[in-house]
Amino acid sequence: MNPNSSSPSAPPLIRLEAVSKTFKLPDGRVFEAVKSVSLDMAEGRIFGLIGKSGAGKSTLLRMINLLERPDTGRVLVDGRDLTRLSKRELRETRQGIGMIFQQFNLLQNASVYENVAFPLKLHGNRSRAEIEARVQECLAVVGLTDKLHNHPAQLSGGQKQRVAIARALAPHPKVLLCDEPTSALDTETTRSVLDTLREINQRLGVTIIIVTHELHVVHALCDHVAVLENGQLVERFDVGDQATPRLSALGRELAQEQVREDILKEHAARIAQAAEPTTRAA
Amino acid sequence: MTMSDNILAILPELWVAIGQTFMMLGIGLAAAILIGGPLGVLLFLLGPGQSLENRPAYLVLSWIVNTVRSFPFIILLVALVPVTRVVVGTSIGPLAASVPLSVAAIPYFARLVEQSIREVPRGVIEAAHAMGASELQIVWRVLVREARSGLILALTVLAVSFLSYSAIAGVVGGGGIGDLAIRYGYYRFQTDVMLLTVALLIVLVQIIQFGGNALAHRLDKR
């Protein structure tokens, strides 16, 4: 039995087994980015990977679709060991794993339509009509059907990230990997992008793994969190679980953030209540 | 003002020369695009941090490209005479001159392509990998597409350089506008012919550069 397993009955959608990764630094030293981490992630949840910069959270995320190949250990997605697949099999498997990035990474010389259609044209032989219908569907999910013929340069940051989300959703992935998806966005835009992500999780059942250093993002979105420090997994907990004491500084900070947020909400409600009679009088 | 007798006398030859120049340029640029282009992409992909990273292969290819590029064109022209004879059957005329022109154009363009493609953000290539794109799909649908205005400008630079290279080819009886300039303008001291050919080259360069800039601008949606 894996002690990390959160719902022992169902097999996890993603299982990292003792994965490690080292990088050679330019000055010749070796940097251990991830040190033998084992982690299960259950299907249908929103899973947060948090940690300070350099803690290895991004590397860990990128191991899930093997953008970063672990030096040791296994990566199982939906029961398949990705590290043993041929190049071709890996390409096919990656279709089922969507990914979005901090810098959006859209094709600048392609329209919104062409960007979202991109993954659909890579594999298989979908007809033009099928592709068009799917692109429309995905843009409807992110609320951008009117931007079909625009180019990314004509969009705001939030709109660009929405196009990236639509692109990631196009091939019907089971998992959506998010690498600091809101770090380049302002507060307002962040909130609406997070709303979209939550909706995708709830309505389409897509499992979401999100790397972030912003605690309010974790608080607003995640239901389960793993904390990384110096390439090691230090703890994992349900965000709703306030009773179990947190081991890591970041975990405690997150709990405080939650308390603070609750107080703010309460205040806001009280202010609204107090203001009501005056607005009625005016 | 009437045209000088010198110019009237070479007028029929001038049309032939312009045709020859375009032929040399056309063959040289075609070779550059068809062979130099893929070579440049390969150089990029073999380079440090890229998907086909292979240091020995990159160094060997890079060394070959540098070596060919280090030949002064006039030396290449002469050194390749035996090869030209085998390929074309003769070592004079515009078709023969197209051989050294192509040999010089291929590594030149390969380097320009490699540089243009380097401008494509890493993250975009990575996103394509994450979506399961193959190397070939990435080359066409990401690298060429994202770098296309840079590639057009690279081709423009190449065309302008090779317009003057094609003029050097006149030295070995290569024909073309430059040949005319040397034979009449230089050897026979017909300054008016010299001025005419130079003016013609200036106009050609302006047209090429203007066309290249306009096309690159139209293709750039960034």
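Residues numbered from 1 in each chain as written. Chains lettered and ligands numbered in written order. Predicted model: local features only at pLDDT ≥ 70, side-chain atom pairs only at ≥ 80, totals over all residues.

Attention now goes to the pairing of strand β3 (residues 46-51) of chain A. Side-chain direction in a regular strand flips from residue to residue, so the side chains alternate between the two faces of the sheet. Residues and elements named next belong to chain A. Of all 6 residues making up β3, 6 are buried, and the element is well covered by its neighbours. Residues Ile46, Gly48 and Ile50 point to one face of β3 and Phe47, Leu49 and Gly51 to the other, with burial holding for every one of them. Across 5 bridges, the pairing between β3 and strand β9 (residues 224-229) is parallel. The residue bridging Leu49 from the neighbouring strand is Ala226, located in β9. (Buried ≥ 20, exposed ≤ 12 C-beta atoms within 10 Å, placed from the backbone. Helix = DSSP H or I, 4+ residues; strand = E, 2+ residues; numbered from the N terminus. Pairing = 2+ DSSP bridges.)

What follows is about the UniProt feature "transmembrane region" (unreviewed entry) in chain B. Residue and element names in this part refer to chain B. The feature "transmembrane region" (unreviewed entry), as annotated in UniProt, sits at residues 22-46, 58-80, 86-110, 151-173 and 193-216 in this numbering. Taken as a whole, residues 58-80 contains 87% helix and 0% strand, while its terminal C-alpha atoms sit 26 Å from one another. Secondary structure content for residues 86-110 is 80% helix and 0% strand, while the C-alpha to C-alpha distance between its ends is 25 Å. (UniProt positions renumbered as here; feature names shortened; annotations may be inferred.)

Let us now look at the interface of chain A and chain B. Each partner contributes to the interface: chain A provides 20 residues, whereas chain B provides 17 residues. Of all the elements in the fold, those that place two or more residues in the side of chain A that touches chain B are α2 (87-94) and α3 (112-122) of chain A. For the side of chain A that touches chain B, a count of residues per class yields 9 nonpolar, 8 polar and 3 charged. (Contact = placed C-beta atoms within 7 Å. Nonpolar A, V, L, I, M, F, W, Y, C, P; charged D, E, K, R; others polar.)

All right, on to the UniProt feature "domain: ABC transmembrane type-1" (unreviewed entry) in chain B then. Those places that UniProt annotates as "domain: ABC transmembrane type-1" (unreviewed entry) correspond, in this numbering, to residues 18-209 of chain B. Secondary structure content for residues 18-209 of chain B is 82% helix and 0% strand, and the end C-alpha separation is 18 Å.

Residues and elements named next belong to chain A. Between its terminal C-alpha atoms helix α6 (residues 187-204) stretches 25 Å, which fits the 26 Å expected from 18 residues at 1.5 Å a residue. Residues of α6 that are buried: Thr190, Val193, Leu194, Leu197 and Ile200. Looking straight down α6, one finds its buried side chains confined to an arc of 115°; they lie on one side. Counted as exposed and oriented over 90 degrees from the buried face of α6: Glu188, Asp195, Gln202 and Arg203. (Expected span 1.5 Å × (residues − 1). Arc of directions from axis to C-beta.)

Before going further, it helps to spend a moment on the packing of helix α1 (residues 5-46) of chain B against helix α2 (residues 55-70) of chain B. All names here are of chain B. Packing of α1 against α2 leaves a shortest axis separation of 9 Å and a crossing angle of 145°. Here α1 runs over α2; the crossing is left-handed. Between α1 and α2, the residues in contact are Leu42, Leu43 and Leu46 and Ala57, Tyr58, Leu61 and Ser62, respectively. Across the contact of α1 with α2, the residue classes tally to 6 nonpolar, 1 polar and no charged. (Axes fitted to C-alpha atoms, helices over the stretch in contact; angles between N-to-C directions. Left-handed = near helix turned anticlockwise from the far one by under 90°.)

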